[in-house]
Amino acid sequence: MPIKTFAFKMKLLPGMEEEYQRRHDAIWPELKQLLLDSGIIEYHIFLDRETYTLFAFQKLDGEQNSQELGKNPLVQKWWAYMADIMETHPDNAPISQELKEVFKL
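Residues numbered from 1 in each chain as written. Predicted model: local features only at pLDDT ≥ 70, side-chain atom pairs only at ≥ 80, totals over all residues. Heavy atoms only, no water.

Our next topic: the sheet that holds strand β2 (residues 40-48). If you trace the four strands from one edge of the open sheet to the other, you get β2-β3-β1-β4, paired in antiparallel fashion. Of all the strands in the sheet, just β2 and β4 (97-98) have a single pairing partner and so form its edges. (Pairing = 2+ DSSP bridges. Helix = DSSP H or I, 4+ residues; strand = E, 2+ residues; numbered from the N terminus.)

Moving on, we come to unusual backbone geometry. One non-glycine residue, Y52, lies in the positive phi region at around 60 degrees. Mapped onto the fold, Y52 is located in the loop between β2 and β3 (53-60). Y52 sits in the partly exposed class, given a relative accessible area of 25%. For N92, which is not a glycine, the phi torsion comes out positive at approximately 80 degrees. (Buried < 20%, exposed > 50% of the residue type's maximum accessible area, 1.4 Å probe, protein only.)

Here eight bridges tie strand β1 (residues 4-11) to β3, and the two strands are oriented antiparallel to one another. For T5, the partnering residue across the bridge sits in β3 and is K59. Alignment of β2 against β3, held across eight bridges, turns out to be antiparallel. Within β3, the residue paired with F46 across the bridge is F55.

Counting 22 residues, the largest nonpolar core has M10, Y20, L31 and M86 as the members making the most contacts within it. Residue assignment for this core shows that the elements contributing at least two residues are β1, α2 (29-37), β3 and α3 (73-82). In terms of residues, this core owes the most to one element, α3, which gives five residues. Not counting chain neighbours up to four residues away, the residues in contact with L31 comprise L74, V75 and W78. (Core = buried A, V, L, I, M, F, W, Y, C linked by side-chain atoms within 4.5 Å. Contact = heavy atoms within 4.5 Å.)

Structure below.
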């Protein structure tokens, strides 16, 4: 199966850049392993400091991306942990929008 790319954007609350970075620098090992076990072989997140928009992309060796892991209790726990610094839905899931690929080299 070919490697796929999945991209999406989320929104960080103003003034939360350092806290977001700190939490991701200390990502829980069991969450990192879940992502890897789910076929997410690369996961990058970038911040647009002017708009607080987070741009994420993942390289997938399979069909599942991180946005499809929302029923996993560990993911739900992470979402709750991050809910105070991001725009989220009532269930703490980050408000995210899938992005359409328009160019690839």
